[in-house]
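Residue strings, one per chain:
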2 protein chains.
Amino acid sequence: MSCLMPGGPAGAPALRVVRMGIDTSQEFVIYMPREGPVCCAEGFTALSRVELRLRGRSLIATLNVVDGGRLAPDEAGLSNSAWQALGARPGDDVDVAHAPVLESMSRVRAKIYGHRLDAASLAAIVGDVAAGRYPDVHIAAFLTACAGGRMDVQETIELTRAMVEVGECLAWPGAVTGDKHCVGGLPGNRTTPIVVAIAAAAGLVVPKTSSRAITSPAGTADVMETMAPVALDLPTLRRVVSREGGCLAWGGALALSPADDVLIRVERPLDLDSDAQLVASVLSKKIAAGSTHVLLDVPVGPTAKVRGEADFVRLKALLEVVAQAHGLHARVLRSDGTQPVGRGMGPALEAHDVLAVLQGRADAPADLRDKGVALAAALLEFCGRVPAGEGPAVAARLLAQGAAWRKFLAICEAQGGFREPPRAALREPALAQWSGRVTAMDSRRLARLAALAGAPNVAVAGLELHVKLGQRVAVGQPLLTLHAQARGELDYARQYLAASAVFTVEREE
Amino acid sequence: MSCLMPGGPAGAPALRVVRMGIDTSQEFVIYMPREGPVCCAEGFTALSRVELRLRGRSLIATLNVVDGGRLAPDEAGLSNSAWQALGARPGDDVDVAHAPVLESMSRVRAKIYGHRLDAASLAAIVGDVAAGRYPDVHIAAFLTACAGGRMDVQETIELTRAMVEVGECLAWPGAVTGDKHCVGGLPGNRTTPIVVAIAAAAGLVVPKTSSRAITSPAGTADVMETMAPVALDLPTLRRVVSREGGCLAWGGALALSPADDVLIRVERPLDLDSDAQLVASVLSKKIAAGSTHVLLDVPVGPTAKVRGEADFVRLKALLEVVAQAHGLHARVLRSDGTQPVGRGMGPALEAHDVLAVLQGRADAPADLRDKGVALAAALLEFCGRVPAGEGPAVAARLLAQGAAWRKFLAICEAQGGFREPPRAALREPALAQWSGRVTAMDSRRLARLAALAGAPNVAVAGLELHVKLGQRVAVGQPLLTLHAQARGELDYARQYLAASAVFTVEREE
């Protein structure tokens, strides 16, 4: 650099913002001209972390330096994400300064070297994460340091507390507010809309907020979004719940446990989901959402997130003890995780399964229907809405008589209007290579396959499963159908399918 | 997205490259128009990992999606780094495809969950890292999973092997090739140029390749670059060594242990440097550089990288056993790490210290001179160049009589020409607030302070230390002087200095 700042000015001059039209996903990026006065005066270089201030809002962005006169010396380009977060308008000036030293990272470093994280450390880290002060590589280090069983119970309790306290908290009238959550790991398995519809039809208050997918082809929020608006603000959410007794909203728009959303963004590409992070993520959202009673569905199977009995027992105990420490009633149910539940994997395909169950259609997947009824029954009993033992009959009747379907439609209408989920333009079946019996299927590979086909970013993408464990198939019979919107993704998924053992079909004479 | 690909084409069409002029540091970024045929057909979204191919070269880049007609539908913008790595020229067409699935990440995930990494896993991971297939967050997860003592000896040996085998290896004529390395953690302490000059003057072959800074304000390559070109290609390196018996080059231009350079890029912002990573990094470079005998300087002190006796013993044993497994002779020397060595911290400031010692100037830092002579003496004895016990006298004489200085100049000339290191435009002393005795100084905070002033990115930046441990200072006496090239950095360093206990000065009556 050949520019020197003349002595004098106390601070760097403000720069005029330019919308670069560059989508960096959620990462904040600022583009500054290499020879501009601020780059020179402040000694910024590429990948510097800088603090941007505009009309009382501030955020930490990563610097990309731009050469060759593409920006005027007094201009600063903003990525779409930074433009939105700052609420920038054309002609605005932005102040740019060095980002403050990230002191809480020393706590993460201590954790990597085997020290415990105390409440103050976790509050500091989570506060910085929620405020967008952690670059992605620092978040990855934090997540990795806490994975693999390296967080003890007290650390998990304090992590949960820190995640609750950094965000908004809801409160609901009435002594009992029900909630339901599946720890995931099983593709398909979209019981939540069914459970909420039945429970709300039974008069329980269930203000359900869900996440988008972490490592799966779809989260409940992704699925619901194909049928109704889910990005509700707080007044809308309150109105929906007070009118219908329940909702099926995306939690991310509500700033409940906002650090969780930032962590998930990095967890997802890493495909990393530790016990402590999982418990803190799930329970912090429930506590912040004002739930009093939460039913937790934990599928157990060799390729599910929870692989065996020992893992289940450990996770169940951790969920219960952390919930209890925060005054939340939790009941953990073990479910069959040996194969996917329902047929679809991917937002719209799972929505079609949900609709078939709610509408009582003959072609509805029986396993999804049965599991939805069982969970709704357990929730109604756990919340004291029906006497013990009567849950299954009540839940089955509300579904069979259409009350759950009407409640679901009413919730969708209150959220902004029901819509039919779309269908993919491109489909391709995968056929059995020989006759035999399906003796195993790999849930992780099925989830990967659906993701390669484009789920959840492309709502219609994913796959439809045509067989169940133990079923006999004939050569040439379709095992699944890939759904995609783009040729590249379809090719990519097909290529993975050819190379990976998704199914085990044992030959029979 | 509202675009559908007409059926037909087997692959996506190639895109015309556009140089965006955006400096993203070493990260490869491709900018593609949202409505272009490739984005649509391949289903790419922001932050997708995509493979780029151009004239037989390929790399994996991160996608940023560009809106609003800033790129034509058939154009693809490249970051400066991607443009250079692909050897792109205006008018070139680039092929774009989904990046292959990163299978080796499953090994990293297993490591996070407590499993060992075997030789094949490490080879797969290191191969993918060296080929640029790991996004930064995945590298961060790998580094974190291996930090904090979680790699055993065999894993460290195999990591070292994988890092050697993924790159180039040099070989030198003659049975003995000497080398010297400091594991770092002590700011200043720039003995390498002094040791190489003395050893080469004594006739030892010392083809020294050094790294740039990881977590310190300067690496030897950064310091040497202020005095001579260091980015030598292999023919130049061979010519320098055959003419002068030694060199002081940057290893990064030679593709020796290239994965290390990628790992360091992420280690640096994380300020993370584990035993296993440190040993593999150091020894893989030495093995690849063709060294037979390496002297390892390990400073020990409460704020150095190695804090105490137990850590030293552990690191020494690991260095020795890993070196031995690879047929490398290693001698580990413990040195005083309670305070910095020399006065300067930062590339140019340390170069000035080195020159003062080599030129035998009266104002040369005595501690740096003494340590340089002691290390050169040990290296000459270890390599059998002088009989045991005679090293100190030989080394001191070569320095005092100017032979080392002439050798240093000759090496710099052979590398492309000696130059005087520059000096900073802005300087500001920090004064003692009261009279007393300096009883402690924090090396990590001093290093952080020099980094905040701009080192090592800004060569002249850093700080000059005016006091030593145990020294009496009077109120108003300068303890150090900050050097910076930009007001923002000077302010930033000053702010950190005001808030942090860098020195402990105990009041005296």
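Residues numbered from 1 in each chain as written. Chains lettered and ligands numbered in written order. Predicted model: local features only at pLDDT ≥ 70, side-chain atom pairs only at ≥ 80, totals over all residues. Heavy atoms only, no water.

**Digging into the overall build of chain A**
Then comes step 1: Scanning chain A for helices and strands turns up 18 helices and 19 strands.
Then comes step 2: In terms of C-alpha radius of gyration, chain A reaches 25 Å, essentially the compact-globule figure of 23 Å for 509 residues.
Then comes step 3: Over its C-alpha atoms, taken along the principal directions, chain A stretches across nearly 85 × 55 × 50 Å.
Then comes step 4: Residues classed as buried in chain A amount to 59% of the 509 residues present.
Then comes step 5: If you take every contact in chain A between residues at least 6 apart in sequence, the share linking residues at least 24 apart comes to 79%. (Helix = DSSP H or I, 4+ residues; strand = E, 2+ residues; numbered from the N terminus. Rg over C-alpha atoms; globule rule 2.2 N^0.38 Å. Buried < 20%, exposed > 50% of the residue type's maximum accessible area, 1.4 Å probe, protein only. Contact = heavy atoms within 4.5 Å.)

**Topic: the nonpolar core**
Then comes step 1: Of all hydrophobic cores here, the largest spans 61 residues; its most connected members are Phe142, Leu159 and Leu270 of chain A together with Tyr134, Phe142, Leu159 and Leu270 of chain B.
Then comes step 2: The contact partners of Tyr134 of chain B, leaving out residues within four places of it in the chain, are Arg49, Leu102, Ser104, Met105, Val108, Ile125, Asp128, Val129 and Ile139 of chain B. (Core = buried A, V, L, I, M, F, W, Y, C linked by side-chain atoms within 4.5 Å.)

**Examining the domain arrangement of chain A**
Accessible area lost when the parts come together is the quantity often used to give the size of an interface.
Then comes step 1: Domain annotation for chain A reports domain 1 (15–98), domain 2 (105–165), domain 3 (178–257 + 270–415) and domain 4 (426–507).
Then comes step 2: In this structure, domain 1 of chain A and domain 3 of chain A have C-alpha centres spaced 41 Å apart. (Domains from an automatic or database assignment.)

**Regarding the pattern of salt bridges**
Then comes step 1: For the structure on display, the rule yields 64 salt bridges over all chains.
Then comes step 2: Its salt-bridge partner being Asp367 of chain B, residue Lys468 of chain B comes within 2.5 Å of it at the nearest N-O pair. Residue Lys468 of chain B is located in the loop between β16 (462–465) and β17 (472–473), and its partner Asp367 of chain B is located in helix α14 (residues 366–382); the two are separated by 101 residues in the primary sequence.
Then comes step 3: When the shortest N-O distance is used, the salt bridge between Arg494 of chain B and Asp491 of chain B registers 3.0 Å. Of this pair, Arg494 of chain B and Asp491 of chain B both sit in helix α18 (residues 487–499), three residues apart, roughly one helical turn.
Then comes step 4: Linked by salt bridges that have partners in common, Arg16, Asp74 and Glu75 of chain A make up one network. (Salt bridge = Lys/Arg side-chain N within 4 Å of Asp/Glu carboxyl O.)

**Observations regarding the packing of helix α9 (residues 234–244) of chain B against helix α16 (residues 403–415) of chain B**
All names here are of chain B.
Then comes step 1: Running from N to C, α9 and α16 cross one another at 150 degrees; their axes reach a closest spacing of 9 Å. On the basis of their axis angle, the class for α9 and α16 is roughly antiparallel. Crossing geometry of α9 relative to α16 is assigned as right-handed. Here Val240, Arg243 and Glu244 of α9 lie close against α16, whose contacting residues are Lys407, Ala410, Ile411, Glu413, Ala414 and Gln415.
Then comes step 2: Considering only residue class, the contact of α9 with α16 consists of four nonpolar, one polar and four charged. (Axes fitted to C-alpha atoms, helices over the stretch in contact; angles between N-to-C directions. Parallel < 35°, antiparallel > 145°, perpendicular 65-115°, else oblique. Left-handed = near helix turned anticlockwise from the far one by under 90°. Nonpolar A, V, L, I, M, F, W, Y, C, P; charged D, E, K, R; others polar.)

**Comments concerning the UniProt feature "domain: Pyrimidine nucleoside phosphorylase C-terminal" (unreviewed entry) in chain A**
Then comes step 1: As annotated by UniProt and renumbered to match this structure, "domain: Pyrimidine nucleoside phosphorylase C-terminal" (unreviewed entry) occupies residues 437–503 of chain A.
Then comes step 2: Annotated as residues 437–503 of chain A, this span is 34% helix and 28% strand, and its ends, taken at the C-alpha atoms, are 10 Å apart. (UniProt positions renumbered as here; feature names shortened; annotations may be inferred.)

**Thoughts on the sheet that holds strand β19 (residues 503–507) of chain A**
Residues and elements named next belong to chain A.
Then comes step 1: Spatially, the three strands line up as an open sheet ordered β17-β15-β19, and their pairing is antiparallel. Among the strands making up the open sheet, the edge pair consists of β17 (472–473) and β19.
Then comes step 2: Examined bridge by bridge, strand β15 (residues 436–441) and β17 share two bridges and lie antiparallel to one another. Bridge assignment links Arg437 to a residue of β17, and that residue is Arg472. (Pairing = 2+ DSSP bridges.)

**Examining the side chain of Thr226 of chain A**
All names here are of chain A.
Then comes step 1: Mapped onto the elements, Thr226 comes out in the loop between α8 (220–225) and α9 (234–244).
Then comes step 2: Of note is the side chain of Thr226, whose polar atom sits 2.7 Å from the backbone oxygen of Val223.
Then comes step 3: Among all residues touching Thr226, those that are not within four sequence positions of it are Pro347, Ala348, Ala351, Arg419, Glu420, Pro421, Pro422 and Ala459. (Polar contact = N/O pair within 3.5 Å; in protein donor to acceptor, adjacent residues only side chain to side chain.)

**So, the packing of helix α17 (residues 443–452) of chain B against α18 of chain B**
All names here are of chain B.
Then comes step 1: For the pair α17 and α18, interaxial distance at closest approach is 8 Å and the crossing angle is 155 degrees. By the angle between their axes, α17 is roughly antiparallel relative to α18. For the pair α17 and α18, the contacting residues are Arg445, Arg448, Leu449 and Leu452 in the first and Glu489, Tyr492, Ala493, Tyr496 and Leu497 in the second.
Then comes step 2: Of the residues assigned to the contact of α17 with α18, the class counts are six nonpolar, no polar and three charged.

**Side note on the environment of Asp67 of chain A**
Then comes step 1: Along the polypeptide, Asp67 of chain A turns up in the loop between β5 (57–66) and β6 (75–78).
Then comes step 2: Taking relative accessible area as the criterion, Asp67 of chain A reaches 21% and is therefore assigned partly exposed.
Then comes step 3: With 241 residues separating them in the primary sequence, Asp67 of chain A and Gly308 of chain A have C-alpha atoms 55 Å apart.
Then comes step 4: The residues contacting Asp67 of chain A, other than those within four sequence positions of it, are Arg34 of chain A together with Gly21 and Asn80 of chain B.

**A word on helix α17 (residues 443–452) of chain A**
Residue and element names in this part refer to chain A.
Then comes step 1: Of the positions making up α17, those classed as buried are Ser443, Leu446, Ala447, Leu449, Ala450 and Leu452.
Then comes step 2: Looking at the buried positions of α17, the neighbouring elements they touch are β13 (344–345), β15, β16 (462–465), β18 (478–484) and α18 (487–499).
Then comes step 3: Near the N-terminus of α17, the side chain that reaches the backbone nitrogen of Arg444, with its oxygen 3.0 Å away, is that of Asp442.
Then comes step 4: At the C-terminal side of α17, Gly454 shows a positive phi close to 125 degrees.

**Some details on the confidence of the model for chain A**
Then comes step 1: Confidence in the prediction for chain A averages 91 pLDDT; 95% of positions are at 70 or higher.
Then comes step 2: Under a pLDDT of 50 for its full length, residues 1–10 of chain A has, in the predicted model, 14 contacts with residues more than four places off or in other chains. (pLDDT = per-residue confidence, 0-100.)

**Observations concerning the side chain of Glu51 of chain B**
Residue and element names in this part refer to chain B.
Then comes step 1: Here Glu51 lies in strand β4 (residues 49–54).
Then comes step 2: Glu51 sits in the buried class, given a relative accessible area of 16%.
Then comes step 3: A polar atom in the side chain of Glu51 sits 3.2 Å from the side chain of Arg53.

**Quick notes on the pairing of strand β4 (residues 49–54) of chain A**
When a strand is regular, its side chains alternate between the sheet's two faces.
All names here are of chain A.
Then comes step 1: Bridging between β4 and β5 involves six bridges; their strand directions are antiparallel. Across the sheet, the residue bridging to Leu52 is Leu59, located in β5.
Then comes step 2: Between β4 and the antiparallel strand that follows it, β5, lie two residues; Arg55 among them carries a positive phi value of about 45 degrees.
Then comes step 3: Pairing analysis gives four bridges linking β4 to strand β7 (residues 93–98), with the strands arranged antiparallel. Among the inter-strand pairings, Leu52 is bridged to a residue of β7, identified as Val96.

**Topic: the sheet that holds strand β14 (residues 426–431) of chain A**
Residues and elements named next belong to chain A.
Then comes step 1: One open sheet accounts for four strands, arranged β13-β16-β18-β14; its pairing is antiparallel. Edge positions in the sheet fall to β13 and β14, since each has one partner strand and no second.
Then comes step 2: Bridging between β16 and β18 involves four bridges; their strand directions are antiparallel. Opposite Leu465, over in β18, you have Leu480 as the bridge partner.
Then comes step 3: Relative to the sheet, α17 contacts β13, β16 and β18, its axis offset from that of β16 by approximately 135 degrees.

**What about the packing of aromatic side chains?**
Then comes step 1: Applying the stated criterion to the full structure yields four aromatic pairs over all chains.
Then comes step 2: Put simply, the rings of Trp405, Phe408 and Phe418 of chain A pair up and form one aromatic cluster.
Then comes step 3: Cation over ring: Arg334 of chain B sits above Phe312 of chain B, and NZ or CZ is 5.8 Å from the ring centre. (Phe/Tyr/Trp six-rings, centres within 6.5 Å; stacked < 30°, edge-to-face > 60°. Lys NZ or Arg CZ within 6 Å of the ring centre and 35° of its normal.)

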